[in-house]
Structures are given as structure tokens and as C-alpha cells.
Amino acid sequence: MDSSEVGDLVPTLGPPLYRFFLSRMPPQMADEAVQEVFVRMLRLDTFDEGKGSAEAFAWGIAINVCKEIRRQPQLLPIDDVDEPPAHPGEDRRFAALRAAVALMEEPELSVFQMVLADLSIATISEMLAMPEGTVKSHIHRGKEKLKRTLIKWGYQ
Amino acid sequence: MTKDKDFEQLIVDFQQQQPSAMRLERWKRTLRSATGNRRSPWSYVAAGLAAGLILGVIISRGLMPSRPEENFSATYVLYDVKNF
């Protein structure tokens, strides 16, 4: 893909990608992760229009970038905290939600990150090549887990 | 938070977050600069051809006599002298 093709996708793909990463990492890291996705779209020669859309290509890269980044020590899940730390200017509820999401495991994690990115069930199903029914059951289980964690942390 | 309604509201609030216009602009700018740094495959072909040409000139100069025309002129001089 050339830079104008990827650049055209920035206004539509940028915001959901930003929320996707924001559900797992602080704002500054999420910003850099989105940038990394767009640069990889430009540099990787593996995009084939016949095999899938540019959006699916982008989300595939985003999931890989997220897997790479979340191995960093500051993003490892922590379960024994009184209150998850919020970053300057950030809503403390969002910081708690992010810390609770970090305790989820694949494939629920990617599904729920996409829910928080505000993608529809149909889109998540297409991007993850997963039946809609499976997506819905992951969402349901993910919500129950999140609620339990947040209650345990005292968010009532 | 125990109330489902509050939890759903938290999800909706999270989904409404937007990157700033400045961030969107920076992502576009990074793409432009990434393209500028990207080397075209043709640049490698051009570099290879230029190197081949230089090498070819060096080899041909090394193998050929430096001024072959001197030998020819000497032969013609001898021929001319014989037939004078």
C-alpha cells in the first residue's frame, strides 16, 4: 500500500485503533501503537486485496502490535492493587477498566478490546474470522469478568 | 458499578473517546516522512548498473594498451617507407 492509500484510512481507522490500544495501555503508548500500525501497513508487502480488506489488514497488524507491546513490564497484568493508577488527566474509571481488561486472556481479550474500540459485532466477527455467536458469547463472558474485577477493586 | 446500567455506561463513555485532531495529523505526517525514507527497489538496480559500468571501464582500461593508435601509425610509417 502506498502512503496516500494508508493516509486516507487515518481518519476512519485512527479513532477505533486508538481506543483499541487505549483499552490496554496509557494514552501516550496507544498513540505510538496506532502510528506503528499505519507505518507497518505501508512497509509490509503482504497486503493482498483479493484476500481481504485494508481494514482487516490493519486490524491484523494491530492485534500483533498489541501482543508485542503488552509484554513490556509496565503493561503486565496486576491483580493485587487497591486502585489502578490513572495517568495525568485521565478518568480513573478508564484506568480501572484498562487494568481489568489486562487480566483477560485471548481470544476474549482481543474481542473485548474491539468492543471498547466501538466496532460492531459483525465487524469484529469479520476481522477475527469468528462466528458472530462466538463473538457474542466472548463479549458476555468478558463483561461478567470485568464486572467481578471492578467490584473486587471497590468500584461500586 | 455493581449496577449493570453503570457498567454499560462506563463502556459507552470509553467508546466515545476520540484522538485529538493533532494526533490524527501527526499520524498522517509520520506516514509522509516514512515514505520519504523508504528506498525504492529501482534505486538498488540503478546503484548496481552504475557500479557495473565503473567496474567495466576500469577493467577495459587495464586490459587494453593505453594508446593503441601509436602502433598503427608505426605500421603505416614502415609501409610508406617500403613503398617510397
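Whatever comes next refers back to the structure up there.
Everything numeric in this text was worked out from a predicted model, so none of it was measured. (Residues numbered from 1 in each chain as written. Chains lettered and ligands numbered in written order. Predicted model: local features only at pLDDT ≥ 70, side-chain atom pairs only at ≥ 80, totals over all residues. Heavy atoms only, no water.)

Participant: How would you sum up the interface of chain B and chain A? Please name residues and give values.
Facilitator: Taken residue by residue, the interface counts 23 residues in chain B and 36 residues in chain A. Our enumeration of links across chain B and chain A arrives at four salt bridges. Across the pair Arg26(B) and Asp31(A) runs a salt bridge whose closest N-O atoms are separated by 2.1 Å. At nine residues, helix H2 (residues 21-37) of chain B tops the list of elements feeding residues into the side of chain B that touches chain A. Considering only residue class, the side of chain B that touches chain A consists of ten nonpolar, six polar and seven charged. (Contact = heavy atoms within 4.5 Å. Salt bridge = Lys/Arg side-chain N within 4 Å of Asp/Glu carboxyl O. Helix = DSSP H or I, 4+ residues; strand = E, 2+ residues; numbered from the N terminus. Nonpolar A, V, L, I, M, F, W, Y, C, P; charged D, E, K, R; others polar.)

Participant: Outline a nonpolar patch on the surface, listing residues and values.
Facilitator: On the surface, a nonpolar cluster with roughly 380 Å² of combined accessible area is contributed by Trp42(B), Val45(B) and Leu49(B). For Leu49(B), the location among the structural elements is in helix H3 (residues 41-63). (Patch = residues over 30% accessible without salt bridge, like charges linked within 9 Å, V, L, I, M, F, W, Y side chains within 5 Å. Areas by Shrake-Rupley, 256 points an atom, 1.4 Å probe, with all protein chains shown as cover.)

Participant: Mind laying out the environment of Ser33(B), listing which residues take part and the relevant values?
Facilitator: Note that Ser33(B) resides in helix H2. Polar contacts involving the side chain of Ser33(B) include one to the main-chain carbonyl oxygen of Thr30(B), which spans 2.9 Å. (Polar contact = N/O pair within 3.5 Å; in protein donor to acceptor, adjacent residues only side chain to side chain.)

Participant: Describe the nonpolar core, naming the residues involved and giving the relevant values.
Facilitator: The biggest cluster of nonpolar side chains holds 59 residues, and the ones touching the most others in it are Phe20(A), Phe21(A), Val37(A), Phe38(A), Met41(A), Trp59(A) and Leu150(A). Sequence-distant contacts of Phe38(A), defined by excluding residues within four places in its chain, comprise Val6(A), Leu9(A), Val10(A), Leu13(A), Gly14(A), Leu17(A), Trp27(B) and Leu31(B). (Core = buried A, V, L, I, M, F, W, Y, C linked by side-chain atoms within 4.5 Å. Buried < 20%, exposed > 50% of the residue type's maximum accessible area, 1.4 Å probe, protein only.)

Participant: Tell me what's going on with the packing of aromatic side chains, and back it up with residues and numbers.
Facilitator: With the rule as written, the count across this model stands at five aromatic pairs over all chains. With a centroid separation of 5.3 Å and an interplanar angle of 80°, the aromatic rings of Phe94(A) and Phe14(B) are classed as edge-to-face. With one member in each of two chains, Phe94(A) in helix H4 (residues 92-101) and Phe14(B) in helix H1 (residues 4-15) form a pair that bridges those chains. Residue class for Phe94(A) comes out buried when judged on its relative accessible area of 8%. With a relative accessible area of 1%, Phe14(B) lands in the buried category. (Phe/Tyr/Trp six-rings, centres within 6.5 Å; stacked < 30°, edge-to-face > 60°.)

Participant: Got a sec to walk through the pattern of salt bridges? Specific residues and values, please.
Facilitator: Under the defined criterion, the tally for this structure stands at ten salt bridges over all chains. Glu36(A) serves as the salt-bridge partner of Arg40(A), at 2.7 Å between the closest nitrogen and oxygen. In this pair, Arg40(A) and Glu36(A) are both assigned in helix H2 (residues 27-43), four residues apart and thus about one turn of the helix distant. Assessed through its relative accessible area of 22%, Arg40(A) is described here as partly exposed. Taking relative accessible area as the criterion, Glu36(A) reaches 31% and is therefore assigned partly exposed. Where Glu108(A) meets Arg141(A), a salt bridge forms, and the shortest distance between an N and an O atom there is 3.1 Å. One end of the pair, Glu108(A), is in helix H5 (residues 108-116); the other, Arg141(A), is in helix H7 (residues 132-152), and 33 residues separate them in sequence. Here the residues in one salt-bridge network are Asp31(A), Arg23(B) and Arg26(B), joined through shared partners.

Distances and angles like these do not, on their own, reveal function.
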